[in-house]
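Structural overview for review
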Amino acid sequence: MSHSKLASIFNKDEKRVDWHDKALWFVRHKRDLSVHNVKGWEELRNLGHGIKAHMLSNLDNYLIQFEENAKKNGVQVHWAADADEHNKIVLQILKENNAKKIVKSKSMLTEECHLNPCLEADGIEVIDTDLGERIVQLAKETPSHIVLPAIHKNRHEVDELFQEHLGTKPCDGDPQYLTGEARKHLRTKFIQADAALTGVNFAVADTGGFVVCTNEGNADMGAHLAPVHIASMGVEKIIPKQEHLGVFLRLLARSATGQPITTYSSHFKKPRKGVKMHIVIVDNGRSEQLSRPDFRASLHCIRCGACMNTCPIYRRSGGHSYDATIPGPIGSILSPGKDLTKHSTLPFASTLCGSCSDVCPVKIDIHSQLYKWRQIITKETPQPFVKKQAMKAMGNIFAHPNRFETVGKIARWSLRNLPKAMINSKPNVWGHTRDLPLGPEKSFDQWFKDRENDKKS
Ligand code: SF4
């Protein structure tokens with residue numbers, strides 16, 4: 001289904017749209033306050049951008065260096081070309097270790113690979129341990145945001161879900177009670193787990209170590225209690241040196257939630273005595289994206305979610321309307337690279353206001369890339385007849401100043417004089433949910449000329 005159709009489902013609940021919008025704007029505001037406190041924030045962003053660009057240009061070398069060092073540390077390294085291979089490798093490791101219960105900390109890569117259903121089909125219990133992820137897992141939904149996976153749910157819905165699945169008492173959505181119950185429930189799962197699966201935020205080539213960032217400590221709880229730790233990472237998670245971590249950890253937390261640092265930045269390097277550690281390095285379309293000069297910078301992404309929090313379209317259409325693992329502006333660049341036909345509407349789900357590029361901590365030119373996808377999609381996929389004709393007509397008008405002036409005159413007159421029922425008629429999709437303003441007497445051009453003449457006189 002197209003983004004606009006899915007968005008219209010979300011938009012039916014106006015109250016939800018309002019608090020979704022406000023909740024994300026609150027996070028964006030926190031981000032602003034936090035970054036304005038950092039002297040040299042722009043230099044930090046430039047540095048992050050530069051390190052990522054250098055890494056992508058030397059990706060093969062850094063990946064090999066990382067593998068060598070990780071192996072020296074006693075970690076078993078696996079390579080997966082795609083999602084299917086990733087899932088098979090994880091399943092194989094679990095089988096070899098007779099693991100029937102696993103705890104997972106938030107990993108968008110395993111979401112991308114649809115790991116949970118694959119493991120569950122083999123009789124393995126998979127528990128997502130990030131609170132937001134656990135909520136959406138109980139609701140049999142997917143995350144709607146990469147940092148705040150259950151941001152589309154209110155506390156009363158969580159209350160009902162917990163009553164149904166965890167046997168909690170009705171509490172009128174009391175967050176403290178609900179969090180306490182979730183903690184008790186998850187602790188049992190951590191203790192029972194045969195294996196822990198985590199994502200990887202940054203993998204350091206020169207040490208073979210990696211860092212996982214969480215605010216709940218759930219990655220640590222899983223990895224420190226279970227006898228097997230599997231870490232799944234996309235190839236682009238590599239950074240060259242340990243000293244670069246400081247740059248990215250500062251950029252990530254502030255951009256994601258406005259925190260100076262994520263509560264838990266857990267460094268993993270070698271397995272503890274008696275514990276096995278595996279790393280699965282996954283491509284799954286990333287090399288192909290790297291080969292597209294216009295879009296390769298999208299691989300700089302450190303998954304902070306800031307572009308989603310600021311995007312007026314994401315905030316008002318909800319993450320599920322993107323029908324993709326990574327929603328929002330960056331997802332709308334990544335998804336068409338995977339399936340152009342399925343995701344052809346996503347690059348159009350943007351006002352191209354550029355706010356996403358402004359907040360991106362690693363300076364990805366998000367709105368320019370969205371614009372580039374639009375040009376490709378318009379050429380390569382069939383467009384609706386009405387849209388094609390309308391665009392042709394608009395092109396024609398914009399190319400001829402006289403025509404533009406005449407059409408402007410007619411439009412202004414119509415907005416002032418025609419009855420509302422005619423203006424907000426069926427073909428005018430803008431008028432379905434909003435009133436158009438009264439047309440001004442003068443065009444902007446005329447107003448500007450008059451103003452200049454007034455100044456002279
Ligand atoms: S594109 Fe930039 S702002 Fe968006 S999630 Fe990635 S790093 Fe954050």
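So, here is what we can say about the structure in this document. Quick caveat: nothing in here was measured; it's all calculated off a predicted structure. (Residues numbered from 1 in each chain as written. Predicted model: local features only at pLDDT ≥ 70, side-chain atom pairs only at ≥ 80, totals over all residues. Heavy atoms only, no water.)

Take a nonpolar patch on the surface next. A cluster of nonpolar side chains, Met394, Phe398 and Phe404, forms an exposed patch at the surface whose accessible area comes to about 330 Å². Relative to the helices and strands, Phe404 is located in helix α20 (residues 401-417). Judged by relative accessible area, which is 46%, Phe404 ranks as partly exposed. (Patch = residues over 30% accessible without salt bridge, like charges linked within 9 Å, V, L, I, M, F, W, Y side chains within 5 Å. Areas by Shrake-Rupley, 256 points an atom, 1.4 Å probe, with all protein chains shown as cover. Salt bridge = Lys/Arg side-chain N within 4 Å of Asp/Glu carboxyl O. Helix = DSSP H or I, 4+ residues; strand = E, 2+ residues; numbered from the N terminus. Buried < 20%, exposed > 50% of the residue type's maximum accessible area, 1.4 Å probe, protein only.)

The sheet built from six strands is open, its strands ordered β1-β10-β7-β4-β2-β3 with parallel pairing. This sheet does not close on itself; its edge strands, each paired only once, are β1 (76-80) and β3 (125-128). Pairs of neighbouring strands in the sheet enclose a mean axial angle of 20°, with direction left out of account. Summarising the sheet, strand β4 (residues 195-198) and strand β7 (residues 228-234) pair through three bridges and their orientation is parallel. Within β7, the position partnered with Leu197 by the bridge is Ile230. The sheet strands contacting helix α5 (residues 83-96) are β1, β2 (101-104), β4, β7 and β10 (276-282), and the helix crosses β1 at an angle near 150°. (Pairing = 2+ DSSP bridges. Axes fitted to C-alpha atoms, helices over the stretch in contact; angles between N-to-C directions. Contact = heavy atoms within 4.5 Å.)

Taken together, 13 residues surround the ligand, and among them Cys301, Cys304, Gly305, Cys307 and Cys360 come closest. In terms of residue class, the shell around the ligand is built from 11 nonpolar, one polar and one charged. (Near = heavy atom within 4 Å. Nonpolar A, V, L, I, M, F, W, Y, C, P; charged D, E, K, R; others polar.)

This brings us to the packing of helix α8 (residues 131-138) against helix α9 (residues 155-166). Their axes nearest at 10 Å, the elements α8 and α9 cross at an angle of 70°. As the angle between them shows, α8 and α9 are arranged roughly perpendicular. For the pair α8 and α9, the sense of crossing is left-handed. Residues Leu131, Ile135 and Leu138 of α8 touch α9, and the partners they reach there are Val158, Leu161, Phe162, His165 and Leu166. Along the lines of polarity and charge, the residues of the contact of α8 with α9 split into seven nonpolar, one polar and no charged. (Parallel < 35°, antiparallel > 145°, perpendicular 65-115°, else oblique. Left-handed = near helix turned anticlockwise from the far one by under 90°.)

Applying the stated criterion across every chain, the model contains seven aromatic pairs. Note on Phe398 and Phe404: the rings are 5.6 Å apart at their centroids and 35° apart in plane angle, and the pair reads as tilted. Under the relative-accessibility criterion, Phe398 is labelled exposed at 55%. Within the aromatic cluster, the residues linked to one another by ring pairs are Phe444, Trp447 and Phe448. Looking at Lys52, its charged tip hangs above the ring of Phe248, at a distance of 5.6 Å from the centre. Cation over ring: Lys387 sits above Phe348, and NZ or CZ is 4.1 Å from the ring centre. (Phe/Tyr/Trp six-rings, centres within 6.5 Å; stacked < 30°, edge-to-face > 60°. Lys NZ or Arg CZ within 6 Å of the ring centre and 35° of its normal.)

Phe202, Phe248, Leu251, Ile330 and Ile366 are the most contacted members of the largest nonpolar core, which has 48 residues in total. Ranked by residues supplied to this core, first place goes to helix α12 (residues 245-257) with seven residues. Counting contributing residues, this core receives three or more from each of domain 1 (1-37 + 295-382) and domain 2 (39-284). Apart from residues no more than four positions distant in its own chain, Phe248 is found in contact with Gly48, Ile51, Lys52, Phe202, Ile239, Ile302 and Val362. Counting residues in each nonpolar core, the second largest holds 26 residues, with Leu56, Ala203, Val235 and Leu299 among its members. (Core = buried A, V, L, I, M, F, W, Y, C linked by side-chain atoms within 4.5 Å. Domains from an automatic or database assignment.)

Moving on: unusual backbone geometry. One non-glycine residue with positive phi stands out, namely Lys140, at about 55°. Within the secondary structure, Lys140 sits in the loop between α8 and α9. At Asp323, a residue that is not glycine, the phi angle is positive and equals roughly 50°.

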